[in-house]
Amino acid sequence: MRSLCRLGFLKSCSIDNLLYLPFLKSQSCLLSSHSKSSNLHPSKNGHNKSQTESETKSIGSLFSEIAEILGAETFTDGKNPDVFSESKGTQLSFSEVSAEYTSCTRGVRRIAEENTREQVNLSVLEDTQARSPGGNDVSPMVEEITNIVRAETGAGSMEERLEKSGLVLDSEVVEKVLKRCFKVPQLALRFFSWVKFQNRCCHTTRTYNTMLYIAGEAKDFGLVEKLIGEMEEKGCEKDIKTWTILISHYGKAKLIGKALLILEKMRESGCEPDVATYMILIHSLCNAQKANIALEFYKETIQMEMQLDMSLYKLLLTCLAGCGDIAGFRSVADDMIKGSRIPERDVFSCMLKSFCIAGRIREALELIRDLNDKNLTLKPDDFETLVKGLCKADRINDAVEIIDIMKKREVLDAETYGIIISGYLRRNDIPRAFDLLQTMTESGYVPTVSTYTELMQHLFRLNEYQKGCKLYVEMLERGVEPDSVAITAMVAGLVRQNHISEAWKVFNSMQERGLRPTRKSYSVFIKELSKISRTDEIIKVLNEMQASEIVVGDEIFNWIISYLEKKGETEMVQKVMQMQRTCKLYPQEHEASGNNVPKRPAHNLDLNSNQLESGRMDFHLVEHIPKTNNNQDLQEICRILSTSTGWCLMEEALERCTVQFTPQLVVKILRNCSLHVHAALGFFSWVGKRDGYSHTTETYNMGIKILGCGKNFKDMKKLFFEMRRKGHPITPDTWTIMIMQYGRAGLTEIALRNFAEMKADNCKPNGSTYKYLIICLCGRKGRKEDEAIKLFQEMIGAGYVPDKELVETYLKCLCQAGKLLDGRRCIEFLCKLGFTIPLSYSLYIRALCRAGRLEEALALVDEVGTERVKLDQYIFGSLVHGLLRRGRLKEALEKVDSMKQVGIHPTVHVYTSLIVHFFKEKQMEKALETFQKMKEEGCKPTIVTYSALIRGHMDMGNIVDAWNVFRLIQREGPFPDFKTYSMFISSLCKVGKSEEALQLLSEMLDSGIVPSTINFRTVMFGLNTEGKHSLASTVLQKKLALKSKRMLLA
């Protein structure tokens, strides 16, 4: 399993992104030195036998065994000094990091709190007592400068006021002022720039570090790169904190390749990473689901005898459990016990929690069995963890059985009951949830406020208003103190019934109870009011939010503006936009500095015209800042361009806006509005005529791409010639975009002609040019495999390395065309380029299986020789799929069993192939049994699996069951994609349910997925065939409406 995880990394790194290769090469010695420690965790001789036997049992029988153990053993409360003694050093109790089991994703869940990461992160923003090296207290000066920087009073710009102050700054004062401005990055940058131009000797490594941290927190990586460039130009030495800041912020942004390159540069500079650097890097790798790399860096820390904290251990365990690297998981657990001297009992708790978070119930149950073998018993927290894991895996009946055991042991509490109730609610099984609520109250347990809140929310969603209110009253009568979430849920229920005055009373009761309404509370209140069109009340809530000094944020402002625009209240729109601009100028972050910084003026929506004009003048004060309100500007323009009004009204709105357009902003706007082709190209033309702005190569490239996506190739070529006429450089990317658009439309002859023109124009093709042209030549429309072979060889000769997507597409084309000799040549090329033999052969074997050439694939497997075991891990699913397509079920099942014996469990690909096969053979019971077994084994179904279920039910005539599956994934995910919608629409029309397909077409549009011409045609044909001609005409209207929305400029 560990090898499979490493393969996943190779696919995403060494093939898809060659940026990682230098780093991996430099680590090759390290990886080999740890090869022994990466083997399976040593265990007792009997353990392997029991593990093999457990694989043959169903998870149900395993649970029965564990339930019997838990029901039989004598409970200990965890106070045995011999077993639960605390070890010395920095150790946290298990309860300090509690992870909630909410909606599951495949990746790693954050176990440590964000503030834990910040503690590990950096001390760059610690505001110690402000004293100069000579012992003088500089706090008054720091406070005075901070007041100037953060207070926009209108009496001159911040720079002017700093100059008039006459204060002489040194690097220490500058650093401390920057620290106090870290939540207002635009002001920090202005101050930093002013200091740089006033006193070139003032900036040091420490001030640069602080500014780097601020820029990183704002995710302005362009500024980060600029600052690093300045440091190098000025000869400002980077210290370990500089490198750690960079690794931290690139890691948090999940730019792992960049973070690893920074680490490599750090080492090349002679600066070795310390424990804080390692912890940040491992944390980032775990969050990015790079478990195998995280494990290797963890091994480095062990080799250097570095001590990690408990929260990082827990995160690493959860990450390894999530990717299935059980050997690495157990190795880390061993280190916790032997190296860090954490009590074995606490480590077992961590392991159990990690398995449950990762949805690996089988491993969790096996761990409990190991616990019993060691004569250790579960603590109450462990029972709760197991219940959460079982509910998350949709094994609520098993969780209820654990509840019975906890009741006998007298360790049951209301929170555990709440977990089961929450599980029933996720299933939408309301009756059972309330039955359990009644059972727990009759047993003397008082439900928690979160349990009451969840139940109320579900009742209000079902329009069971009276029951929801009754539950809220019951909660109060039982003495359960409501929190802000519970009160907000009640407010939402009242608003839906149009009981506005009662909703305000409940909302205001928060302050009476000593609670402060949160930003989320206000947001819910506003959105519920919009559903019943109460604009006056929305404005009242917004003013209340402002008065309470809650940061409104762009999300809420933009949502309100969009709502008001739909209502046609243009005057109110302008006032809300003014309030939004004012909030940008005076951010409510004063508590961060702890100073008496002047607060922004409290503007509500009773502003007169003079106030509006004054506010606009203040807004212009910050237009020269490099990155001011960039996101707000982007959202404002995109909102204008996405409205359904004509271009004339859009142009008027654009003329009124105060945005300072830059080529970078224009590219973002065009990218975000690419579906609104008419509006996007109108904007492109309009912005190109504005004073002080001129298009660049990048903006022209984006315009060409939008035209090509709309298949308006004539105007696309015109824009290309205009670009050349105005003297903009024609880059390889420009040619690549045009070639790709022609190729995707199946016009491969024209794509090849453009490729020839590109070379004749002395423009050298890059790797992307070759990639996309070859992919287009290998496609179904306009396939030209001979030209693809020629270009692939040319690409290799030019020194470009193909990525995984290209290799898979190319090999699939060759196998379908029967050009197997060229396929073998491709494998030879890959091996010469550094691809491993198992990886190269696996790509070819998969392509053969997909092309239906099973015999050739099986023959190729036998050629690998000594690396056959690793190859089997890569091609396991493809071979099973190929066997099932041939109807060789027995051989496929034998293959599955043989892989289980070597510790490789079936993947989602294998289970989905079995489900498809059983439905095809009209064996519905076996198909559903396989699906259930898949979930029990902890293998999470994908959208492909659910699509196979929907198709299977439709083929069997079970239309209701197909709809039930579809509604399930709409509600809980994975959400339907274009292929799922298209398949379901086609299936419904085939069985005479075209009216239901029409409903699905509308839902598809509402979900933001654009139906294809074939989708519209299928539904129209079905409705006409069924004699529903009036409904068929509505489909045509939908198609025309969509076409007009996306139509091109004349």
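Residues numbered from 1 in each chain as written. Predicted model: local features only at pLDDT ≥ 70, side-chain atom pairs only at ≥ 80, totals over all residues. Heavy atoms only, no water.

1. Notes on the overall build of the protein chain
Here's step 1: When its secondary structure is counted, the protein chain shows 59 helices and 0 strands.
Here's step 2: Within the protein chain, buried positions represent 52% of all 1050 residues.
Here's step 3: In the protein chain, the share of contacts with a sequence separation of at least 24, taken over all contacts with a separation of at least 6, comes to 67%.
Here's step 4: Per element, the accessible surface of the protein chain, about 48600 Å² overall, is 50% carbon and sulfur. (Helix = DSSP H or I, 4+ residues; strand = E, 2+ residues; numbered from the N terminus. Buried < 20%, exposed > 50% of the residue type's maximum accessible area, 1.4 Å probe, protein only. Contact = heavy atoms within 4.5 Å. Areas by Shrake-Rupley, 256 points an atom, 1.4 Å probe, with all protein chains shown as cover.)

2. Here we look at the side chain of T207
Here's step 1: Secondary-structure assignment places T207 in helix α12 (residues 205-217).
Here's step 2: Of the residues examined, T207 reaches a relative accessible area of 0% and is grouped as buried.

3. Topic: the packing of aromatic side chains
Remark: the centre distance and the inter-plane angle together describe each pair of aromatic rings, the angle taken between the planes.
Here's step 1: Counting across every chain of the model gives 27 aromatic pairs.
Here's step 2: For the pair W963 and F984, a centre-to-centre distance of 4.9 Å together with 55 degrees between the ring planes defines the contact as tilted. Pair noted here: W963 is in helix α55 (residues 959-972) and F984 is in helix α56 (residues 978-990), with a separation of 21 residues, a long-range link. Like W963, the residue F984 is buried in the burial classification.
Here's step 3: Taken together, the ring pairs in this structure connect W504, F507, Y522 and F525 into an aromatic cluster.
Here's step 4: Geometry around W504 places K540 over its ring, the cationic atom sitting 4.5 Å from the centre. (Phe/Tyr/Trp six-rings, centres within 6.5 Å; stacked < 30°, edge-to-face > 60°. Lys NZ or Arg CZ within 6 Å of the ring centre and 35° of its normal.)

4. Some thoughts on the packing of helix α54 (residues 943-955) against α56
Here's step 1: Running from amino to carboxyl end, α54 crosses α56 at an angle of 0 degrees, the nearest separation of the two axes being 10 Å. As summarised for this structure, α54 and α56 are arranged roughly parallel, according to the angle between their axes. In contact with I943, S947, I950, R951 and M954 of α54, α56 contributes T980, M983, F984, S987 and L988.
Here's step 2: For the contact of α54 with α56, the residue count by class is 6 nonpolar, 3 polar and 1 charged. (Axes fitted to C-alpha atoms, helices over the stretch in contact; angles between N-to-C directions. Parallel < 35°, antiparallel > 145°, perpendicular 65-115°, else oblique. Nonpolar A, V, L, I, M, F, W, Y, C, P; charged D, E, K, R; others polar.)

5. Some words on the environment of L889
Here's step 1: Within the secondary structure, L889 is located in helix α51 (residues 889-901).
Here's step 2: Spatially, the C-alpha atoms of L889 and L914 are 8.6 Å apart, while their sequence positions differ by 25 residues.
Here's step 3: Excluding residues that lie within four positions of it along the chain, L889 makes contacts with L884, L914, H917 and F918.

6. Structural notes on the confidence of the model for the protein chain
Here's step 1: Averaged over the protein chain, the pLDDT score is 76; the fraction of residues at 70 or greater is 79%.
Here's step 2: The element-level mean pLDDT for the protein chain is lowest in helix α35 (residues 609-620), coming to 31, with α56 highest at 92.
Here's step 3: Counting interchain partners and residues more than four positions distant, the pLDDT-below-50 stretch residues 1-57 has 87 contacts.
Here's step 4: Within the model, the stretch residues 73-124 combines pLDDT values under 50 with 117 contacts to residues more than four positions away or in other chains. (pLDDT = per-residue confidence, 0-100.)

7. Comments concerning the pattern of salt bridges
Here's step 1: What the rule picks out here adds up to 43 salt bridges.
Here's step 2: Note that R267 is salt-bridged to E300, the shortest N-O span being 2.9 Å. Here R267, found in helix α15 (residues 256-268), pairs with E300, found in helix α17 (residues 291-303); they are 33 residues apart in sequence, far enough to count as distant.
Here's step 3: We classify E300 as buried; its relative accessible area is 5%.
Here's step 4: Across the salt bridge formed by K819 and D786, the nearest N and O atoms sit 3.3 Å from each other. You can see K819 sitting in the loop between α46 (804-817) and α47 (820-832) and its partner D786 sitting in helix α45 (residues 785-797), a full 33 residues away along the chain.
Here's step 5: Connected through shared salt-bridge partners, E175, K179 and R206 make up one network. (Salt bridge = Lys/Arg side-chain N within 4 Å of Asp/Glu carboxyl O.)

8. As for unusual backbone geometry
A negative phi angle characterises most non-glycine residues, just as the trans form characterises most peptide bonds.
Here's step 1: In this structure, the amide linkage connecting G973 to the following residue, P974, adopts the cis form with an omega of -5 degrees.
Here's step 2: Mapping P974 onto the fold places it in the loop between α55 and α56.
Here's step 3: The phi torsion at K254 lies on the positive side, around 60 degrees, for a residue other than glycine.
Here's step 4: Structurally, K254 can be placed in the loop between α14 (240-252) and α15.
Here's step 5: If you check the backbone angles, N498 has positive phi at about 65 degrees while not being a glycine.
Here's step 6: Within the fold, N498 resides in the loop between α28 (484-496) and α29 (500-512).

9. Here we look at the state of the cysteines
Here's step 1: Following the criterion strictly, the structure yields 0 disulfides and no others.
Here's step 2: This cysteine, C826, is not joined by any disulfide, and C815 carries the nearest cysteine sulfur, 9.5 Å off.
Here's step 3: Owing to a relative accessible area of 1%, C826 belongs among the buried residues under this scheme. (Disulfide = S-S within 2.5 Å.)

10. A look at the side chain of N701
Here's step 1: Turning to its location among the elements, N701 is positioned in helix α40 (residues 697-709).
Here's step 2: Not counting residues up to four positions away in its chain, the partners in contact with N701 are M723, T731, D733, T734 and I737.

11. Overview of the environment of S340
Here's step 1: Take S340: it is sitting in the loop between α19 (326-338) and α20 (344-357).
Here's step 2: Each C-alpha atom of the pair S340 and D309 lies 9.3 Å from the other, and the pair is 31 residues apart in sequence.

12. With respect to helix α16 (residues 275-287)
Here's step 1: Here α16 contains 13 residues, and its C-alpha end-to-end distance of 18 Å stays within 8% of the 18 Å for a straight helix at 1.5 Å per residue.
Here's step 2: With respect to burial, α16 is a largely interior element, 11 of its 13 residues being buried.
Here's step 3: Turning to α16, its buried residues are T277, Y278, M279, I280, L281, I282, H283, S284, L285, C286 and N287.
Here's step 4: One side-chain oxygen of the residue at the start of α16 lies 3.2 Å from the amide nitrogen of A276, identifying that residue as D274.
Here's step 5: With its phi angle positive at about 65 degrees, Q289 sits one or two positions after the end of α16. (Expected span 1.5 Å × (residues − 1). Polar contact = N/O pair within 3.5 Å; in protein donor to acceptor, adjacent residues only side chain to side chain.)

13. Focus on the packing of α14 against α16
Here's step 1: Between α14 and α16, the shortest axis-to-axis distance is 9 Å and the interhelical angle comes to 10 degrees. With respect to α16, the element α14 is oriented roughly parallel. For the pair α14 and α16, contact is made by I240, T244, I247, S248, G251 and K252 and by T277, I280, L281 and S284, respectively.
Here's step 2: Here the residues of the contact of α14 with α16 are counted per class, giving 4 nonpolar, 5 polar and 1 charged.

14. Looking at α45
Here's step 1: Taking 1.5 Å per residue, 13 residues should reach 18 Å; α45 reaches 18 Å between its end C-alpha atoms and fits that length.
Here's step 2: By the burial criterion, the buried members of α45 are A788, I789, L791, F792, M795 and I796.
Here's step 3: Its buried side turned inward, α45 meets α43 (748-760), α44 (767-777), α46 and α47.
Here's step 4: Among the residues trailing α45, G799 stands out with phi positive, at a value near 90 degrees.

15. Comments concerning a positive patch on the surface
Here's step 1: On the surface, K668, R671, K705 and R744 cluster together into a positively charged patch.
Here's step 2: Relative accessible area serves as the criterion here: at 46%, R671 is assigned to the partly exposed category. (Patch = residues over 30% accessible without salt bridge, like charges linked within 9 Å, V, L, I, M, F, W, Y side chains within 5 Å. Lys, Arg positive; Asp, Glu negative; His and termini not counted. Charge placed at Lys NZ, Arg CZ, Asp CG, Glu CD.)

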